[in-house]
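# Chains, contacts and geometry: an overview
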Amino acid sequence: MTELSTAALPGLTWADHSGVLVVTMDRPPANALNRSLIVGLCTFFTELASQPAPAPVVLTGAGERFFTAGGDVKELEGTRPAEIEGRMRDFHALLVALERFPRPLIAAVNGHCVGGGMELALFADAVLATPNAKFGFPEINHGLLPADKGLQRAERILGARAVRSMVLSGDLFSAEKAVTIGLVDRLEDPETLLSSAIEAARTAGAKAPVLYSALKRSVNDPDDARDDRSLTHTIDAAKAYFDDPVAAGLRAGWNREKASSGRQPTDR
């Protein structure tokens, strides 16, 4: 396998497991998606995809509690609208890179997978999760919105009614329900999650790459014009809600709640 030329990326590690790259989001305590990690993930998948023979990938989170709790809400404190637009563009670019990654991509969900984490999992070819994992789009309760491209992907995979319920309630749901609605392919014990994901990636990687890539492209149906529309919708929505007093109050309340409880204030 060709070595990646990418230098160390903050909050991101990777290791070669006999031809399968295990990529780990590692930002304690919740593997929150700050802007540097978002950019790093996009750089990683874009560079890997440009190689003549990209390796299959397993994407996971460090620790036992969080795949990722979504974007780092605390990072938004004091952020100007222009910076928010840049962040939205970066996250959209990451989803585009995941959608167009030509080789197997397996998500090994080792814990909470909410907000932006849900969007990452939706662009994997298969999702394995531990029974303790939690899923959901809690943004409406925290003064934020998911990316339009992520919601469109969710609607295609899970159906409009299921997604409408998720995003309008903001409620989290169990790994068992995630299997029932088709978000998760199967549950694995924490002890076997990573090895099972590596084996799934290796099995998929043994398929003829030219055929795998072509089939994946047909199923994902990437479309530049559709992506441009989704990005425009995401940016327009961000401009509307970022300075909205009700949404701003929800974000501030969420940060205060997490600070008082000693937990990481995260969402996307």
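Everything discussed here concerns the structure shown above.
About the thresholds
- Residues numbered from 1 in each chain as written.
- Predicted model: local features only at pLDDT ≥ 70, side-chain atom pairs only at ≥ 80, totals over all residues.
- Heavy atoms only, no water.
- Pairing = 2+ DSSP bridges.
- Helix = DSSP H or I, 4+ residues; strand = E, 2+ residues; numbered from the N terminus.
- Axes fitted to C-alpha atoms, helices over the stretch in contact; angles between N-to-C directions.
- Parallel < 35°, antiparallel > 145°, perpendicular 65-115°, else oblique.
- Contact = heavy atoms within 4.5 Å.
- Nonpolar A, V, L, I, M, F, W, Y, C, P; charged D, E, K, R; others polar.
- Polar contact = N/O pair within 3.5 Å; in protein donor to acceptor, adjacent residues only side chain to side chain.
- Expected span 1.5 Å × (residues − 1).
- Buried < 20%, exposed > 50% of the residue type's maximum accessible area, 1.4 Å probe, protein only.
- Arc of directions from axis to C-beta.

### Focus on the sheet that holds strand β6 (residues 112–114)
The four strands lie next to each other as β4-β6-β8-β9, forming an open sheet whose pairing is mixed. Of all the strands in the sheet, the pair left with one neighbour each is β4 (66–68) and β9 (173–174). Where β6 and strand β8 (residues 134–136) come together, two bridges link them in parallel fashion. Counterpart to Cys 113 in the pairing with β8 is Phe 135.

### Quick notes on the packing of helix α4 (residues 148–158) against helix α5 (residues 160–169)
Following both chains from N to C, one finds α4 and α5 inclined at 135°, their axes separated by 7 Å at the closest point. Taken together, the axis directions place α4 and α5 in an arrangement best described as oblique. Of α5, the residues touching α4 (which contributes Leu 151, Ala 154, Glu 155 and Leu 158) are Ala 160, Ala 162, Val 163, Met 166 and Val 167. Among the residues making up the contact of α4 with α5, the classes are represented as eight nonpolar, no polar and one charged.

### Here's the deal with the side chain of Glu 99
You can see Glu 99 is positioned in helix α2 (residues 81–99). A distance of 2.8 Å separates a polar atom in the side chain of Glu 99 from a polar atom in the side chain of Lys 149.

### So, helix α9 (residues 224–242)
Over its 19 residues, α9 runs 27 Å from end to end, which matches the ideal 27 Å to within 8%, given 1.5 Å per residue. Taken together, the buried positions of α9 are Asp 227, Ser 230, Leu 231, Thr 234, Ile 235, Ala 238, Tyr 241 and Phe 242. The buried residues of α9 all sit within an arc of 140° when viewed along its axis, so they share a single face. Across α9 from its buried face, at more than 90 degrees, point the exposed residues Asp 228, Lys 239 and Ala 240. By the N-cap criterion, in which a side-chain oxygen at the helix start approaches the backbone nitrogen of a residue two or three places on, α9 is capped by Asp 223, the distance to Ala 225 being 3.1 Å.

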